[in-house]
Amino acid sequence: MSDSNVIVGATIAIGSIAPALAIGLIVSKALEAIGRNPEAAAKVQTVMILGVAFAEAIAIYSLVIALILKFV
Amino acid sequence: MALNISISAEPIFNFGQFEFTNSMLVSLLVTLGLSILAVSFSLYLQSKRKSNFFVFIQTILESFYEFVQSIAPQQAGRFFPLIASIFLFVMFASWAGLLPGVETIFWHGVPLFRGGTADLNITLGLAIFAVISIQIYGYKTLGMKYFKKFFDFSNPINFFVGFLELISEFARIMSFAFRLFGNIFAGEVLLAVIAFLVPVFASLPFMGLEIFVGFIQALVFATLTLVFINIATTSHH
């Protein structure tokens, strides 16, 4: 196990903390909204998926950097 | 058997300086398939015969049109061709990477096929195309007033805000490109690693996950383009 492998692991591990929290918050709020107003479920879902994709993109950036560090 | 993962698409042959990569081959095949489908679908619409397959395609297109209408109610017909093309191309180029034989058939030492969107060049091209079409739609709707958003000399704060708007357009290109490439390439790495650890059956649930991810990423790419076009075509002040 070389140092660079540890760095690759740390990149994705630290980089996915914030997006994980963000996705959890987004989905919990969306579920609350659907619980309050079930008729708006379709609309809330569309916006929720968009928000999740935005939050997920941040994790993906660190993943791309980890993959570049590992394979290039 | 060694784990074979390459972050960039490998060239399968050269036209002089130009390297034709395996991702380009798959994108070209997907474009060709979609074009043939589009031509035969328009021929079907002109003829009077019935076909279950084309009714199925019509149902998909209609439900997607309703989705576009729910975001851009007034101008759905204007934006639909661009958004649907982006959606269909991204979805099928991502799904093409899951077909058997992709990344496993070798030709002169490199894989002959590779998922279309698992190459940063193609997602970057798509992202530049999407952002430029956002600007073109903005200009066509608002005229020169559209560029006032970026170059506003009325006071220093507005000038700075315009500068930030200009940067955010370039940030959009990067986020479009890296989001799609990262998701699809990470999926392929995941499938390769799982297939390497457990040879049979274990990668089946992940295959289902990747089909879902390909669909969601295509939807996100198309929806974000649509939302940004919608923002660009409405005047602010």
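Predicted model, so just to flag it, every value in this text is computed and none were measured.

*Asks:* I'd like a description of the packing of helix α4 (residues 120–142) of chain B against helix α6 (residues 204–233) of chain B, backed by residues and values.
*Replies:* All names here are of chain B. At a minimum axis distance of 8 Å, the contact between α4 and α6 shows a crossing angle of 25 degrees. The angle between α4 and α6 places the two elements in the roughly parallel class. Crossing handedness for the pair α4 and α6: right-handed. Seen from α4, the contacting residues are L126, A127, A130, I134, Y137, G138, T141 and L142; seen from α6, they are F221, T225, F228, I229, A232 and T233. Its residues placed into classes, the contact of α4 with α6 shows ten nonpolar, four polar and no charged.

*Asks:* Explain the pattern of salt bridges residue by residue, including any values.
*Replies:* Once their charged atoms are close, side chains differing in charge can pair, the charge on each being opposite to the other. All names here are of chain B. Taken as a whole and judged by the stated rule, the model has two salt bridges over all chains. A salt bridge links E103 to R114; its shortest N-O distance comes to 3.9 Å. Of the two residues, E103 is situated in the loop between α3 (76–96) and β3 (106–107) and R114 in the loop between β4 (110–111) and α4; the sequence distance between them amounts to eleven residues.

*Asks:* Would you mind going over the nonpolar core in detail, with residue names and values included?
*Replies:* One broad rule of soluble globular proteins: the nonpolar side chains tend to lie buried together. With 47 residues, the main nonpolar core has B:F64, B:I83 and B:F176 as its most contacted residues. Counting residues per element, the ones that place at least two in this core are α3 (41–71) of chain A together with α1 (22–46), α2 (52–71), α3, α4, α5 (156–197) and α6 of chain B. Take this core: its biggest share by element is 13 residues, from α3(B). Filtering out sequence-adjacent residues up to four positions away, B:F64 remains in contact with B:F80, B:I83, B:A84, B:F87, B:L219 and B:A222. One finds A:L63, A:L67, B:I5 and B:I7 within the second-largest nonpolar core, a separate group that totals ten residues.

Conventions we followed
- Residues numbered from 1 in each chain as written.
- Chains lettered and ligands numbered in written order.
- Predicted model: local features only at pLDDT ≥ 70, side-chain atom pairs only at ≥ 80, totals over all residues.
- Heavy atoms only, no water.
- Axes fitted to C-alpha atoms, helices over the stretch in contact; angles between N-to-C directions.
- Helix = DSSP H or I, 4+ residues; strand = E, 2+ residues; numbered from the N terminus.
- Parallel < 35°, antiparallel > 145°, perpendicular 65-115°, else oblique.
- Left-handed = near helix turned anticlockwise from the far one by under 90°.
- Contact = heavy atoms within 4.5 Å.
- Nonpolar A, V, L, I, M, F, W, Y, C, P; charged D, E, K, R; others polar.
- Salt bridge = Lys/Arg side-chain N within 4 Å of Asp/Glu carboxyl O.
- Core = buried A, V, L, I, M, F, W, Y, C linked by side-chain atoms within 4.5 Å.
- Buried < 20%, exposed > 50% of the residue type's maximum accessible area, 1.4 Å probe, protein only.

These results come straight from atomic positions and should not be treated as a statement about function.
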